[in-house]
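Below are the chains, spelled out letter by letter.
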Amino acid sequence: MICCLCHKEKNEVRRYRPDVEGSVCQTCYCEWRRNEVPGVREAKKSYNADWQKQNPEKSKKRNSRRYANDPEPAKIRARRRAAEHPEMVREEHRRASLMRNFGLTVADYEERLAAQGGVCAICHEPENVIDKRTGKIKRLAVDHEHVPGFKGMSPEEKRKYVGSLLCQRDNTVAGQANDNPARLRAVADYLDRRHVGL
């Protein structure tokens, strides 16, 4: 079979993902499952950590074998892969970042974007800030309530505090005002007074 994502020919069982037309390989399927299905990544991390504590000798042997087979450091492998497949790696990072930071899947993000008509929820204009790394227009930012302990919450808990999608400018304004509506109204009143020269 030839995977429709990585385009490599592999002799393994065909897998199917709801977000892709065609069959994918085991590697691409597992990557999606870890990043898109809530709770899978955390459960796997927890299981691996428990196994390593209970089997320290086996864990050490396994790591030694892995290093003997491929002594190149993981960071260098990751950099080489990012250089060879920049778009794929960037999309993987995006999926992981959305789930880790906001408890959202890419499908959730796209659904919100479509509901807003592809524009910012405040100014009703599309994003126009250019990403310096890629040279492309940035995606709308995910707004969220800045509640205590947000970073340490599970993806399911974070999802409750996620708001609309905002352009970089309006997201920055809301954040600098500490999400305080009274402060933003005071700013608007000041601008109105300044405009008429009062």
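Because the structure is predicted, anything quoted here is derived from the model rather than measured.

**Examining unusual backbone geometry**
- In this model, His124 sits at a positive phi of 60 degrees, which is unusual for a non-glycine residue.
- Topologically, His124 is positioned in the loop between helix H6 (106-115) and strand E3 (141-144).
- Its relative accessible area of 56% is what places His124 among the exposed residues.
- Positioned with a positive phi, Asn178 is a non-glycine residue whose angle comes to about 55 degrees.
- As for its position among the elements, Asn178 is in the loop between helix H8 (168-176) and helix H9 (181-195).
- Residue class for Asn178 comes out exposed when judged on its relative accessible area of 57%.

**Considerations on a nonpolar patch on the surface**
- On the surface, Val187, Tyr190 and Leu191 cluster together to form a nonpolar patch covering roughly 260 Å² of accessible area.
- If you trace the backbone, Tyr190 turns up in helix H9.
- Judged by its relative accessible area of 43%, Tyr190 falls in the partly exposed class.

**Some remarks on the state of the cysteines**
- A complete count under the given rule lists 0 disulfides for this structure.
- Here Cys120 is not disulfide-linked; the sulfur of Cys123 is the nearest cysteine sulfur, at 3.8 Å.
- Relative accessible area serves as the criterion here: at 1%, Cys120 is assigned to the buried category.

**Observations regarding the packing of aromatic side chains**
- Going through the model one piece at a time under the given rule, you end up with 0 aromatic pairs.
- The ring of Tyr109 has Arg94 sitting right over it, with the charged end atom 5.1 Å from the ring centre.

**Considerations on the nonpolar core**
- Leu98, Phe102, Leu104, Val106, Tyr109, Cys120, Leu140, Val142, Val162, Leu165, Leu166 and Cys167 together form the largest nonpolar core, which totals 12 residues.
- Every element with two or more residues in this core is listed here: helix H5 (86-102), H6 and strand E4 (162-166).
- Ranked by the residues each element gives to this core, the list is headed by E4, at 3 residues.
- Met1, Cys25, Cys28 and Tyr29 belong to the second largest nonpolar core, which has 9 residues in total.

**Quick notes on H5**
- Along its 17 residues, H5 runs 23 Å from first to last C-alpha, staying within 8% of the 24 Å computed at 1.5 Å per residue.
- Where H5 terminates, the next one or two residues include Gly103, which has phi positive at roughly 70 degrees.

Cut-offs used in this document
Going along each chain's sequence as written, the residues are numbered from 1 onward. Restriction of local features to residues with pLDDT of at least 70 applies here, the model being predicted, together with a cutoff of 80 or more for giving and counting side-chain atom pairs; totals for whole chains, interfaces and linings are based on all residues. Only hydrogens and water are set aside when side-chain values are computed; all heavy atoms of the structure are taken into account. Every helix listed is a DSSP run of H or I at least four residues long, and every strand listed is a run of E at least two residues long, numbered separately from the N terminus. Exposure categories follow from relative accessible area, calculated using a 1.4 Å probe and restricted to protein chains: below 20% of the type maximum is buried, above 50% is exposed, and the middle band is partly exposed. Only residues whose relative accessible area exceeds 30% and that form no salt bridge enter a patch; like-charged residues are grouped when within 9 Å of one another, and nonpolar side chains (Val, Leu, Ile, Met, Phe, Trp, Tyr) when within 5 Å. Computed with a 1.4 Å probe, the accessible areas rest on the Shrake-Rupley method; for each residue, only the protein chains presented here act as cover. The salt bridge criterion pairs a side-chain nitrogen of Lys or Arg with a carboxyl oxygen of Asp or Glu, the two atoms within 4 Å. Cysteine sulfur atoms are paired as a disulfide whenever they come within 2.5 Å of each other. Centres within 6.5 Å make a pair out of two Phe, Tyr or Trp rings, where for Trp the six-membered ring is used; the pair is then stacked when the planes are under 30 degrees apart, edge-to-face when over 60, and tilted otherwise. In this scheme, the term charge over a ring applies when either NZ of a lysine or CZ of an arginine sits within 6 Å of the ring centre and within 35 degrees of the ring normal. Definition of nonpolar core: a set of buried residues of the types Ala, Val, Leu, Ile, Met, Phe, Trp, Tyr and Cys, connected through side-chain atoms within 4.5 Å. What a helix should span is 1.5 Å times the count of its residues minus one.

Take it as geometry only, folks, not as evidence of what the structure does.
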